[in-house]
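Below are the chains, spelled out letter by letter.
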Amino acid sequence: MSRPELIKKEIFDIAEYVPGKSTEEIASAYGLDPASIIKLSSNENPLGPSPKAVRALIEAAPGANIYPSADARELREALSRHTGFPVSNIVASGPGMDGLLDGLCRIIIEKGDEVIVPTPTFAYYELPARACGGKPVFVKRNPDFSLDPEKVLEAVSSRTKIIFLCSPNNPSGNLLPEADLRKIVENTRALVFVDEAYVEFADRNLAELLREYDNLAVGRTFSKVFGLAGLRLGYGIMPEWLVKEYSRAATPFSVSLPALRAGIAALSDAAHFNKSINLAREGREYLRKNIPFTVYPSQANFVLVDVAPLKAKKITESLMKKGIIVRSCDSFREAGDSLIRVTVGTPEQNEKVVRAFEISKTEV
């Protein structure tokens, strides 16, 4: 027997988050050997985690009966060294950056408040806002996926509390120009949150602007370049006033001891960090030049492919039958039905993806 009357009505307005297909799903659906499948749908690091992080996980296992530090102080100190920002400007979050988004919405969004979400972009931004009684206001990006700061500011109202921006943007891979961010931050009292989940693969970041503005926050993750997606570890760089209030309402012990130790170890492995970045940068250029469709320039560890006039679902299904999982973007709001996001893999995987696209183009 269900009790829907116990659930607040805002929850029923939330569209279910659609993740990329798993290896197990595709193996079962098409009768494939799981070991033969290439998964390039979730922007994971094909190199896996740093060996130092793996050792740290193993060494942390015997202490699983002990709570970690409530505020992940050790990890924040390591992040301070990594980012150049004081510990007082850093919070660690679990699960992943999603936990950071949840926490910020919990302390900022009240019923009837608004958040601005430029589309297409990462789908999760609207979920915690809706769960807190907030209303997403969507602003469509330009045809090349760039952002028009004037349109964003036109959407601001007296109820606007957060403006979510993603740089590099997911799924398009383009960066937000510094001048555009400055224009938005300087003309609103809302918190401007910049999601830099993929920024390590990019030529530049926007975090330094935090030293100038007190209504700007940046979120990052260990899921991509550090290869720790399974540990669900993220962090935020924020003004001290916001760190104080966030810490007051944050879930204590949200970062597990194994994740904390692995994160610190991953930050210490410069060789693995640099290898992961170089692999992504070289691979995305290979894919951009060789996939036989329109491929947008990217500053992330993925590329966006436009298969028009064909449909993304058809091409995606054709690739999955060949054991290659990529992400159809039809579940991204305002993305249309011809876009596919492809994670950069190893050189061998990238070659197989290109061949599969070539074959699928003639089959569909």
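Bear in mind that the values here come from a model prediction, so they are computed numbers and not experimental data.

## Looking at the pairing of strand 10 (residues 302-306)
Successive side chains on a regular strand alternate, one facing one side of the sheet and the next facing the other.
Here comes step 1: With five of its five residues buried, strand 10 lies for the most part within the structure.
Here comes step 2: Residues Phe-302, Leu-304 and Asp-306 point to one face of strand 10 and Val-303 and Val-305 to the other, with burial holding for every one of them.
Here comes step 3: Here strand 9 (residues 294-295) runs beside strand 10; their pairing, made up of two bridges, is antiparallel. Bridge pairing in strand 10 links Val-295 to Val-305.
Here comes step 4: As judged from the five bridges shared by strand 10 and strand 13 (residues 339-343), these two strands associate in the antiparallel manner. Counted as the bridge partner of Val-303 is Val-342 from strand 13.

## Comments concerning the UniProt feature "modified residue: N6-(pyridoxal phosphate)lysine" (unreviewed entry) in the protein
Here comes step 1: Here the UniProt feature "modified residue: N6-(pyridoxal phosphate)lysine" (unreviewed entry) sits at Lys-224.
Here comes step 2: Judged by its relative accessible area of 14%, Lys-224 falls in the buried class.
Here comes step 3: Apart from the residues within four sequence positions on either side, Lys-224 is in contact with Ser-42, Asn-43, Asn-45, Ala-197, Tyr-198 and Phe-201.

## Thoughts on the pattern of salt bridges
Here comes step 1: Summed over the entire model, instances satisfying the criterion amount to 18 salt bridges.
Here comes step 2: When the shortest N-O distance is used, the salt bridge between Asp-113 and Arg-159 registers 2.8 Å. Taken as a pair, Asp-113 in the loop between helix 4 (96-108) and strand 3 (114-119) and Arg-159 in the loop between helix 6 (149-154) and strand 5 (160-166) lie far apart in primary sequence, 46 residues in all.
Here comes step 3: The exposure class of Asp-113 is buried, given its relative accessible area of 2%.
Here comes step 4: Given a relative accessible area of 35%, Arg-159 falls into the partly exposed group.
Here comes step 5: Taking the shortest distance from any N to any O, the salt bridge between Glu-126 and Arg-130 comes out at 3.1 Å. With Glu-126 and Arg-130 both in helix 5 (residues 126-131), this residue pair falls four residues apart, about one helical turn.

## Quick notes on the packing of helix 10 (residues 270-290) against helix 12 (residues 347-363)
Here comes step 1: Following both chains from N to C, one finds helix 10 and helix 12 inclined at 20°, their axes separated by 10 Å at the closest point. By the angle between their axes, helix 10 is roughly parallel relative to helix 12. Between helix 10 and helix 12 lies a crossing whose hand is right-handed. Along the contact surface, helix 10 presents Leu-279, Gly-283, Tyr-286, Leu-287 and Asn-290, while helix 12 presents Pro-347, Asn-350, Glu-351, Val-353, Val-354 and Glu-358.
Here comes step 2: A class-by-class count of the residues in the contact of helix 10 with helix 12 yields six nonpolar, three polar and two charged.

## What to know about the sheet that holds strand 4 (residues 135-140)
Here comes step 1: Spatial strand order, 2-8-7-6-5-3-4: seven strands in an open sheet with mixed pairing. Every other strand in the sheet has two partners, leaving strand 2 (90-93) and strand 4 as the edge strands with one partner each. The average undirected angle you get between the axes of adjacent strands in this sheet is 25°.
Here comes step 2: When strand 2 meets strand 8 (residues 234-237), the two strands line up antiparallel, connected through four bridges.

Reading the values: rules and limits
- Residues numbered from 1 in each chain as written.
- Predicted model: local features only at pLDDT ≥ 70, side-chain atom pairs only at ≥ 80, totals over all residues.
- Heavy atoms only, no water.
- Buried < 20%, exposed > 50% of the residue type's maximum accessible area, 1.4 Å probe, protein only.
- Helix = DSSP H or I, 4+ residues; strand = E, 2+ residues; numbered from the N terminus.
- Pairing = 2+ DSSP bridges.
- UniProt positions renumbered as here; feature names shortened; annotations may be inferred.
- Contact = heavy atoms within 4.5 Å.
- Salt bridge = Lys/Arg side-chain N within 4 Å of Asp/Glu carboxyl O.
- Axes fitted to C-alpha atoms, helices over the stretch in contact; angles between N-to-C directions.
- Parallel < 35°, antiparallel > 145°, perpendicular 65-115°, else oblique.
- Left-handed = near helix turned anticlockwise from the far one by under 90°.
- Nonpolar A, V, L, I, M, F, W, Y, C, P; charged D, E, K, R; others polar.

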